Amino acid sequence: MNTNIFRILIPVVTFTLFGIVACKKNNLVIDKEVIPPSTVKFNRALATDTVSTYYINSTNDPFKLAVGLTTVSDKDRTIQFTYTSNRAVKGVQYNAPTSLVIPAGKALDTLVVTGLFAGYPTANRIDTVIITISGGDVEPSSYNGKHRLILRKYCSVSLPAMLGNYVNTNEYSSTGAFSYGPYNTVVKNLVIGANGTSATGQISNIYDDGWNDINATFDWTNPAAFKVTIPLQATGRAYTGGGTHVRSSTAATAINTFSSCDNTISISIDIVNPTTGTVVTSNYRLILRR
């Protein structure tokens, strides 16, 4: 008998059996359904939306933040939250629950934070509260388990309150250095626009040098960015041998805003040579105060 045949067949059979076993093992791994653990997170339109600004008004309208589970359960699930802030105090600046229950069969619910208007006596106060999903029946998401909420007072605009004298008007250079003042300016002839969230009027004695009344638009459409706009117009004064125009500055550091709560108007202006278009003075800031 030729034993060489057995020498050849034995390794082949062994390799074949090993291959069958290996395939079975691989099939077991491939066919096995892997179910990731359920987690809970803040649901945002974009994953990068980790910060919100909450403008607290006199009716204490709440801020709502969606909380979502990655899987649905046949049992109620409790989600716990913690709140940290350097200054804002729960019960004084805001109220919020330490937990909420997402009912069985649901994967989404809402965390409600209520700002307290009385806790913000001025528009200048701004607080930050870090909201963290801290525990409960479901593991918090490692990438979407925190949200930074900025709390500040919403200042309702009152045109009558904005009219009149601003006796403490001061001027500053583009670098913020004090330049001139104080002196008196006057806001007058405010007329509300058709949209109900803007008004046009004039400001008298800007620059304290005999300028024309300067036309300006006050816009509060965006509660996060009250805006003052001065369109390009003649000042009525001539400097360096020619007339001058003025407009709102569009420099990156320009501040053009107002607050009827704090009775302040901040305007950054450019003084322009109308003949050449040259900016004679850029980003010159005026702050009007009562």
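From a predicted model like this one, the values you see are computed outputs, not experimental measurements.

So, how was this worked out
- Residues numbered from 1 in each chain as written.
- Predicted model: local features only at pLDDT ≥ 70, side-chain atom pairs only at ≥ 80, totals over all residues.
- Heavy atoms only, no water.
- Buried < 20%, exposed > 50% of the residue type's maximum accessible area, 1.4 Å probe, protein only.
- Helix = DSSP H or I, 4+ residues; strand = E, 2+ residues; numbered from the N terminus.
- Pairing = 2+ DSSP bridges.
- Phe/Tyr/Trp six-rings, centres within 6.5 Å; stacked < 30°, edge-to-face > 60°.
- Axes fitted to C-alpha atoms, helices over the stretch in contact; angles between N-to-C directions.
- Core = buried A, V, L, I, M, F, W, Y, C linked by side-chain atoms within 4.5 Å.
- Contact = heavy atoms within 4.5 Å.
- Salt bridge = Lys/Arg side-chain N within 4 Å of Asp/Glu carboxyl O.

Caption draft 1: The pairing of strand S4 (residues 77-84), seen in detail. Residue alternation in S4 divides its side chains into a buried set, Arg77, Ile79, Phe81 and Tyr83, and an unburied set, Thr78, Gln80, Thr82 and Thr84. Where S4 lies against strand S6 (residues 99-102), 4 bridges are found, and the strand directions are antiparallel. Bridged to isoleucine 79 within S6 is leucine 100. Here 6 bridges tie S4 to strand S8 (residues 126-136), and the two strands are oriented antiparallel to one another. In the strand pairing of S8, phenylalanine 81 is matched with isoleucine 133.

Caption draft 2: Spotlight on the sheet that holds strand S1 (residues 39-42). Overall, mixed pairing links the 5 strands, which are arranged S5-S7-S3-S1-S9 in an open sheet. The sheet is open, and its two edges are formed by strand S5 (94-95) and strand S9 (139-140), each paired on a single side. With 2 bridges joining them, S1 and S9 adopt parallel strand pairing. Bridge pairing in S9 links valine 40 to proline 140.

Caption draft 3: Spatial organisation of the packing of aromatic side chains. Applying the stated criterion across every chain, the model contains 12 aromatic pairs. Ring centres of tyrosine 172 and phenylalanine 178 lie 5.8 Å apart, and the angle between their planes is 75°; on these two criteria the pair is classed as edge-to-face. Residue tyrosine 172 is classed as buried on the basis of its relative accessible area of 18%. Here tyrosine 207 and tryptophan 211 contribute two aromatic rings whose centre-to-centre distance is 4.6 Å and whose plane-to-plane angle is 20°, an arrangement assigned as stacked. With a relative accessible area of 22%, tyrosine 207 lands in the partly exposed category. A network of ring pairs unites the aromatic residues Tyr154, Phe218, Trp220, Phe226 and Phe258 as a single cluster.

Caption draft 4: Structural context of the sheet that holds S8. Spatial strand order, S2-S10-S8-S4-S6: 5 strands in an open sheet with mixed pairing. The open sheet terminates on both sides in strands that have one partner only, identified here as strand S2 (51-56) and S6. Taken pair by pair, the neighbouring strands of this sheet meet at an average axis angle of 30°, ignoring direction. Note that S2 and strand S10 (residues 146-153) share 6 bridges and pair parallel.

Caption draft 5: Representation of the nonpolar core in the model. Core analysis: the biggest nonpolar cluster contains 26 residues, and Phe218, Ile265, Ile267 and Ile269 have the highest contact counts within it. Secondary structure elements with two or more residues in this core: helix H2 (159-162), strand S12 (178-192), strand S13 (198-204), strand S14 (214-219), strand S19 (264-272) and strand S20 (279-289). Other than its neighbours up to four places away in sequence, isoleucine 267 contacts Ile203, Ile206, Val228, Ile230, Ile255, Asn256, Tyr284, Arg285, Leu286 and Leu288. Ranked by size, the runner-up nonpolar core spans 25 residues in total, among them Ile79, Ala88, Ile102 and Leu111.

Caption draft 6: Spatial organisation of unusual backbone geometry. In this structure, the amide linkage connecting glycine 181 to the following residue, proline 182, adopts the cis form with an omega of 0°. The backbone phi angle of asparagine 205 is positive, close to 70°, even though this residue is not glycine. On the basis of relative accessibility, which here comes to 24%, the residue asparagine 205 falls in the partly exposed class.

Caption draft 7: Quick peek at the pattern of salt bridges. The full count for this structure, using the stated rule, is 5 salt bridges. Between aspartate 213 and lysine 188 there is a salt bridge, and its shortest N-O distance comes to 2.7 Å. Taken together, the positions of aspartate 213 in the loop between S13 and S14 and lysine 188 in strand S12 put the pair 25 residues apart, joining distant regions of the chain. With its nearest N and O atoms 3.4 Å apart, the salt bridge here joins arginine 237 to aspartate 209. Of the two residues, arginine 237 is situated in strand S16 (residues 233-239) and aspartate 209 in the loop between S13 and S14; the sequence distance between them amounts to 28 residues. Classification of aspartate 209 as partly exposed rests on a relative accessible area of 27%. Here the salt bridges do not stand alone but share partners, grouping Arg87, Arg125 and Asp127 into one network.

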